[in-house]
Amino acid sequence: MPALDIHGIKVEFPFTAYEVQKSYMTKVIQALNTHQNAALESPTGTGKTLCLLCSTLAWRRQHLNELKKHANPVSQEETWSSSEKSKDSAIPAPKIIYASRTHSQISQVVKELKRTEYGKDITISILGSREQMCIHPEVSKQTSNQAMVHMCRGKINKHTCQFYNNVEDAKKNNIFTTKVMDIEELVTVGKSRTVCPYYSEREVSKQNECGIIFTPYNYLLDRKSRATNNLEIRGNIVIFDEAHNLEKLCEESTSFDLTSLEVAKCIEEVGDVLDAATKFEESGTVADGHENGESSSLSEFKSQDLAIMKSVFIALEKLLDQVELNKDTKSRSEPGKFMFEFLSKINLTESTYQIMLDVVDKISTYLSTLSNSLRIRGAALQKFSEIVKVAFSWMEDETKGHMTRAQRMQELCMCYRVHICENAETGKSADVWKRSANTSSKPGRTISFWCFSPGYAMTNLVKCGVRNLILTSGTLSPLESFTSELQIDFPITLENDHVIDKHQVFVITLTHGKKGGLLNSTFKTRKDVNQVQELGLTVADMIAAAPGGALVFFPSYSAMAEYLTIWKENSNVMTLVEKVKPCTVEPKNKHELRTAIDKYYTDVNTGGGTFLAVCRGKVSEGLDFSDDNGRTVIIVGIPYPPAFDPRIKMKMAFLDDLRTKGATTLLTGREWYRQQACRAVNQAIGRVIRHRYDYGAIVLCDHRYAGRDQLSELPKWVQPHVVKFNNAAKCIRRLRSFFCSVNEKEKNRLKEAYEYCEFDSKAETSSCKSLSPKTGIATNVKTLNSNKRAKVCIKYSESDQHNNYDMYMSPVSISQPTSTKKRKISSIEKSGPAKQKKSLLDALDNIVSDDEEISDENNSAQNNMPTATTIPDIRKFKQRKKIIVKKKGTQFETSKENTKQESSNNSNQALSFDSTRLTSGPYQYYIECTKSTLSTPLYLEFKKAARDYTKNGDVETVFNSLHDVFMVVGSQHPELLSSFVRFIRAEHRAQYTKLCSARTKQSISILAPQLCRI
């Protein structure tokens, strides 16, 4: 592909870029050129990750070349010569720090990088977690992250980890820098070379040659984590992908919860070391359980210091238990300064916290050397150390050196609130509590220090000298309030459109269920059996009406559990769904998620599957459900955050308080609450369209989605496609029609693509060398890895009257030609005159049924069917189709040109019908025009509607059915709908005419009584 020139930067993009992609890359390069921050929103499926990588790496490559020229004033050829590599590596160029929410998202980004030109010559580093990258057979089996950390550190301190011991050799031999590798590949290489990928990647990130560092959010947001991982951000470019979660993660990274149970464990751990140190001082012997520890480390502890530390924790436990709580709520909320008043009572202040940290860290480090697979020691003290560091982070904030201690504390307290609550007592906590120094029958408590200002963490990050900050996601809107909460200026913003066409998505708001009841999935109606059954039956019909995989999202795990219980025990909803598409339920445990996803994919590949998941869950974000894996997304209810959660209530009060103080750009508490639900819905919606040629339906099952406020919160690219329904039956009919229509358009697109496709017979795999820019066939067609060419199943026939062809291709693969299927032709094409029929049904019966096959042994095209070595040149076939109607030897003929699609909205060229013949000509003419216009599924619905009318005489039902058939979005034929009046009984024609005029805005004259009736 030719390189793009964007603001003087040569961008190598692997595909022909769409306009929205060019706009996105333009904004990125503009931000990099001007040292400005950018907040960029682009819908899922527009290729924003690829655009982000190509634009930033192109800018960095050119910037690096300019630095080389200034550092080495030589010719361009010498600049690129390998002899200069050692000198170039010393040139400090801005690194790209790419942060994503999960490790799976990081792996996806790395795979995108491999597809680019820049992935061939760049050094990358992935700062993953031990859980993902540790290969030690004992450490990697630990289920707790804290357990892994302590066991890992213990083995490193003892020099017993052979993988860590080889890290330095791996660095010298460039084991992990020869090519771009994702996490799985790093682990594979580490195991084969007996070297730790976790620590090796940290060494790679320090090198000047490292151009891009991938990291989870928490490593970047937390100042201590940045220091631990040697993550230098000064002068570098920081990117937050999927940044719609950034506000929440900023708040969580600077907050903590401390429970009575954790304090009790701290007392136990300090007491354990105190007993061992006392015994060692007195007798020189090592206490039981400390044999694996280093006696030199134990001798460094003074029993007096340890006794003081234990008394501090005992005082903290007693102090927490003495805090007065509200008798009704069993909780208490206070301003941020309350925390420091509370800690000062145990003499933990800005003057003493560092001393206490040193002792606590020393004890926890010693205990970690005693940890094994059966018992993890020192974990409680390690957490307490992290809590103290968060509480007193303002003391070590270098960006606030110009402020006094009092000013720093005041600024911090404005962003925080304290919450103390009583916990529900469990058997486990009760047993531990009895072992505590102060035995009490009271339940445990939790004291929380919650940050409600994401800007507190973000301003600290930016003030550390970040060159550029780029935030991107598919759901950042409204940008003004989003950027305002972060308290950072974003001069460059973008709200991009989608790359798909109108016919590729169908968005439904449904207000009433299958039985006519109002769909209202609120907290109060969850236990209403009738309401939940109504919803379940409606969802079951939706799932049955759509092809491929269906994703059903519930507001929360608890809501899903309640709905599923009623659907299983009080109704047959789950039985109905399972019969059509087997169900998979999203697990809470992340370790079980991979198994659940694999099961769902298997179900989809074998006929269809249903994934029951949760908004804000693991399935709703970061996972790819492209093509058949996610044809339909159904949203049940509105996923508001739990209204009675104290953290939610305090966040809303915090925002309202700021608004009263003049922060007019911020949302009110109620607006924020509604926005959280809308963003969760928008993220779930993003699962349905994953690339340019994907398609699917979005069903919003709740009457509240029909409201103006709720619709305005949907993504801008979704809003124009919304269709409101208050009748479930009609909604399901339209859903079927949508998939029939879009499937037909997909076949036409693939047919057009192959007109431009050239196959290389010399290559081992087939390749599309010349593609239509409107089709993108390369993204949808899987080639066959064999010595033969790719085989395309093409059906065509040639006769004396006309030439035509049909291609049957899957939108995701090319199938081998099959000789068992035979061409289906109309009986009207047979030789001999057709007899005049007496009714519409007779005319319908003249058309061969869909399961009837006519042998074409004498068809000359049979000898020309494509084989493994011969592919017909489709362009040689004539592009003209004819509809032949014979009546008593007289031939009526219409024709249409098969032209290329000029646009998505005009993909189906309308036939030129003779209105006189439609209304008064032969019945066969109307039927042939109908059949040539409709897809096979729609034609079957047309036949069914006509037959049902003859049985029940329900004119309104037949009109609604025909309206759904002839007025499909993107392929509307009102003339065929109106002409059907000739087949309506005389007593019903006035009503049919009235319905048609009202729905199609066309007037119909009542036909003469002598016209044919059914």
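Structural data are supplied above this passage.
Residues numbered from 1 in each chain as written. Predicted model: local features only at pLDDT ≥ 70, side-chain atom pairs only at ≥ 80, totals over all residues. Heavy atoms only, no water.

Student: How would you sum up the sheet that holds strand S9 (residues 331–335)? Please name residues and give values.
Tutor: The four strands are arranged S8-S11-S10-S9 in an open sheet whose pairing can be described as antiparallel. Because the sheet does not close on itself, it has two edges, and the strands there are strand S8 (256–259) and S9. Along the sheet, successive strands turn relative to each other by an average axial angle of 15°, direction set aside. Pairing between S9 and strand S10 (residues 416–422): five bridges, direction antiparallel. Among the inter-strand pairings, Glu-334 is bridged to a residue of S10, identified as Val-418. Contacts from helix H15 (residues 260–283) reach S8 and strand S11 (445–451), with the element oriented near 65° to S8. (Pairing = 2+ DSSP bridges. Helix = DSSP H or I, 4+ residues; strand = E, 2+ residues; numbered from the N terminus. Axes fitted to C-alpha atoms, helices over the stretch in contact; angles between N-to-C directions. Contact = heavy atoms within 4.5 Å.)

Student: So what about the sheet that holds strand S3 (residues 38–41)? Which residues, and what values?
Tutor: Strands sit in the order S5-S6-S4-S7-S12-S3-S13 across an open sheet of seven strands; the sheet is parallel. On the outer flanks of this sheet lie strand S5 (123–126) and strand S13 (492–495), each paired with one strand and no other. On average, adjacent strands in this sheet sit at an angle of 15° to one another, irrespective of strand direction. Taken together, the four bridges between S3 and S13 define a ladder with parallel strand orientation. Looking at the pairing, Leu-40 lines up with Leu-494 of S13.

Student: Give a detailed account of the packing of aromatic side chains, specifying residues and quantitative values.
Tutor: Tallied over the full model, the rule gives 38 aromatic pairs. Ring centres 5.6 Å apart and planes at 50° place the aromatic pair Tyr-98 and Phe-214 in the tilted group. Taken as a pair, Tyr-98 in strand S4 (residues 96–100) and Phe-214 in strand S6 (residues 210–216) lie far apart in primary sequence, 116 residues in all. Classification of Tyr-98 as buried rests on a relative accessible area of 1%. Residues Phe-340 and Trp-394 carry aromatic rings whose centres are separated by 6.0 Å and whose planes lie at 80° to one another, so their mutual orientation is edge-to-face. Of this pair, Phe-340 sits in helix H18 (residues 337–344) while Trp-394 sits in the loop between helix H20 (379–391) and helix H21 (405–415); the two residues are 54 residues apart in sequence, bridging distant segments of the chain. Pair check on accessibility: Phe-340 and Trp-394 agree, each one buried. Three or more aromatic residues joined by ring pairs form one cluster here, namely Phe-256, Phe-340, Tyr-353, Phe-392, Trp-394, Tyr-416, Phe-449 and Tyr-456. The ring of Tyr-693 has Arg-692 sitting right over it, with the charged end atom 4.7 Å from the ring centre. Over the ring of Tyr-949 we find Arg-985, and its NZ or CZ is 5.2 Å from the ring centre. (Phe/Tyr/Trp six-rings, centres within 6.5 Å; stacked < 30°, edge-to-face > 60°. Buried < 20%, exposed > 50% of the residue type's maximum accessible area, 1.4 Å probe, protein only. Lys NZ or Arg CZ within 6 Å of the ring centre and 35° of its normal.)

Student: Report on the nonpolar core, specifying residues and quantitative values.
Tutor: If you look at the biggest cluster of nonpolar residues, it comprises 62 residues, and the most contacted ones within it are Val-11, Ile-124 and Phe-214. Of the residues forming this core, the biggest block, eight residues, is contributed by helix H2 (residues 48–71). Of all hydrophobic cores here, the second largest spans 57 residues; its members include Ile-267, Leu-370, Met-395 and Tyr-456. (Core = buried A, V, L, I, M, F, W, Y, C linked by side-chain atoms within 4.5 Å.)

Student: Can you tell me about the environment of Gln-533, naming the residues and giving the values?
Tutor: When you line up the elements, Gln-533 lands in helix H25 (residues 529–545). Look at Gln-533 and you get buried, because its relative accessible area is 17%. In sequence terms Gln-533 and Gly-513 are 20 residues apart; their C-alpha atoms lie 9.6 Å from each other. Discounting chain neighbours no more than four positions away, the residues touching Gln-533 are Ile-566, Trp-567, Asn-570, Ser-571 and Val-573.

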